[in-house]
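Here is what each chain is made of, one letter per residue.
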Amino acid sequence: MIAIIDYRAGNLKSVESALIKLGFSCRVTHNREEILRSERLIFPGVGAAGKAIDDLRSLGLDKLLKESFDAGKPVLGICLGAQIILDKSEENNVQCLGLIKGEVKMFPSPLFSGNNERLKIPHMGWNGVRLIKNHPVLEGLMPADEFYFVHSYYTLPASDQYVIAMTEHGIEFPSIIGNNNLIAMQFHPEKSGNSGLRILKNFCTWDGHYAE
Amino acid sequence: MLSKRIIPCLDVRDGKTTKGIKFKQNIDIGDPVEMARFYYEEGADELVFYDITASSEHRDIMIDVVRRVAEEIFIPFSVGGGIRTIDDMRRVLLAGAEKISVNSAAVKDPSIISKGARAFGSQCIVLGMDVKQVPISNNIPSGYEIVIHGGRKYTGIDALAWAKRAEKSGAGEICLNSIDADGTQEGYEIVLTRLISENVNIPVIASGGAGNIDHLYDALTQARADAALIASIVHYGTYTIKEIKQALIAKGVKMRKTWLL
């Protein structure tokens, strides 16, 4: 069973629908026993970092997530769930979970494209990814694949070793990051058509091992 | 670099899809879930559902439509029409929509934008603006006025000022519909779209008037829209989404190419 962690952080229904469509059994839950029993975790999130961290702590999920990560369970972070796994966030200036060393930064403003057109924030819509290294969860990725993003902050791991793919929106930022059995993406695979469903499917069969 | 988005719009009444020509002669086209799946598979980047159900007791039908769409399609979609309270927003979002759009409810009570953004995040609050061109005046310095009730009622609100105010209040996106252009198939309102898009820093969806691919090209380049809403030109089979995207790519517009996947 796959646990989709419920800490009142937005649209969990679409992650659940995608997994059901792919034929995997899953539970939207914040129950400790259920999360401990699960074979893998999906850590989604929409909203602001400060409130998310508060809610996680009040439910005791911050420690549980760390324990599961340390135990080698495959973990997938999505959107805000890909941000608050770093050490800290500029959004609400909050200390985060520290599963990957680094921080979450706000997009610089104003932001311009290569041909000097002003770019909008949030970075909202479909964009590609440039793979820095191969990863089992990204198997089958095609050059035409694009993913649905919506965010005003981006992840900046302390070392390149955690960076799996980059995306460009005025600046190039890490859009997929990972650390051992943890992989995290800024975009929403559950809202990214077949490109995203393939990633979710890969994650749901991943054993959590990753060697470059 | 972001792709420009192509967004089919489905008008839904009592659980059935229709298409309003200048908000009047509504023609039944079909089942919204079937149509959503069709456009999803054709490569639509997002979908908009607009609930034009008149009576509030039929609103639950729309929630059921949203739920069924969310189980079937895996791209973002928004729902507008009849959303008046934070509770209405919550019901639609919990049913699986990515975004909700408020239009006349925000005119009547602008605080619904900031309350919605605080409760659910700016990313899911779309401000729908229905706009008509009017003579420039002290009240309407841009020459574009916000209208409601399908364009029948003038509000005295300047469209540019309204867009800026909504951005400040926490709207995450603007869906900009020109009532003058809507249903004409003679092209988007380019001057209006460019005016709004250049003066806010949130994405703007151009709406109303698409009749051919050049119209979309103009909206996405000259008018600087981030996305283009389309209805009749795909509902009546004039073009497929793939044809639209391939033609726009040939003209140099960046698009998501689902047919290569």
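Look up: the structure comes first, before these words.
Here's what I pulled together on the structure shown here. (Residues numbered from 1 in each chain as written. Chains lettered and ligands numbered in written order. Predicted model: local features only at pLDDT ≥ 70, side-chain atom pairs only at ≥ 80, totals over all residues.)

## Brief notes about the overall build of chain A
The helix and strand tally for chain A stands at six helices and 16 strands. Computed over its C-alpha atoms, the radius of gyration of chain A comes to 16 Å, within 12% of the 17 Å expected for a compact globule of 212 residues. Counting only C-alpha atoms and orienting by the principal axes, one finds that chain A spans roughly 50 × 35 × 30 Å. Here chain A holds 212 residues, and 52% of them are scored as buried. Long-range contacts, defined as pairs at least 24 residues apart, comprise 69% of the intrachain contacts of chain A with a sequence gap of at least 6. (Helix = DSSP H or I, 4+ residues; strand = E, 2+ residues; numbered from the N terminus. Rg over C-alpha atoms; globule rule 2.2 N^0.38 Å. Buried ≥ 20, exposed ≤ 12 C-beta atoms within 10 Å, placed from the backbone. Contact = placed C-beta atoms within 7 Å.)

## What about the pairing of strand E4 (residues 47-51) of chain B?
Residues and elements named next belong to chain B. Within E4, five of the five residues are buried, which leaves it mostly tucked inside the rest of the structure. Bridge analysis of strand E1 (residues 5-13) against E4 gives four bridges, and the strand direction is parallel. Following the sheet pairing, Asp 11 is matched in E4 by Tyr 50. The pairing of E4 with strand E5 (residues 77-80) spans four bridges and is classified as parallel. Within E5, the residue paired with Leu 47 across the bridge is Phe 77. (Pairing = 2+ DSSP bridges.)

## What about the environment of Asn 194 of chain A?
In this structure, Asn 194 of chain A sits in helix H6 (residues 193-205). Distance in space between the C-alpha atoms of Asn 194 of chain A and Asp 145 of chain A is 8.9 Å, their sequence separation being 49 residues.

## Looking at the environment of Pro 157 of chain A
Along the chain, the position of Pro 157 of chain A falls in strand E13 (residues 153-157). Between the C-alpha atom of Pro 157 of chain A and that of Ile 177 of chain A, which follows or precedes it by 20 residues, the distance is 7.9 Å.

## Remarks on the sheet that holds E13 of chain A
Residues and elements named next belong to chain A. Read across the open sheet, the four strands follow the order E6-E5-E7-E13; overall the sheet is mixed. Strands at the two margins of the open sheet, each flanked by one partner only, are strand E6 (94-95) and E13. With two bridges connecting them, strand E5 (residues 88-89) and strand E7 (residues 102-106) associate as parallel partners. Bridging across to E7, Lys 88 finds its partner in Glu 103.

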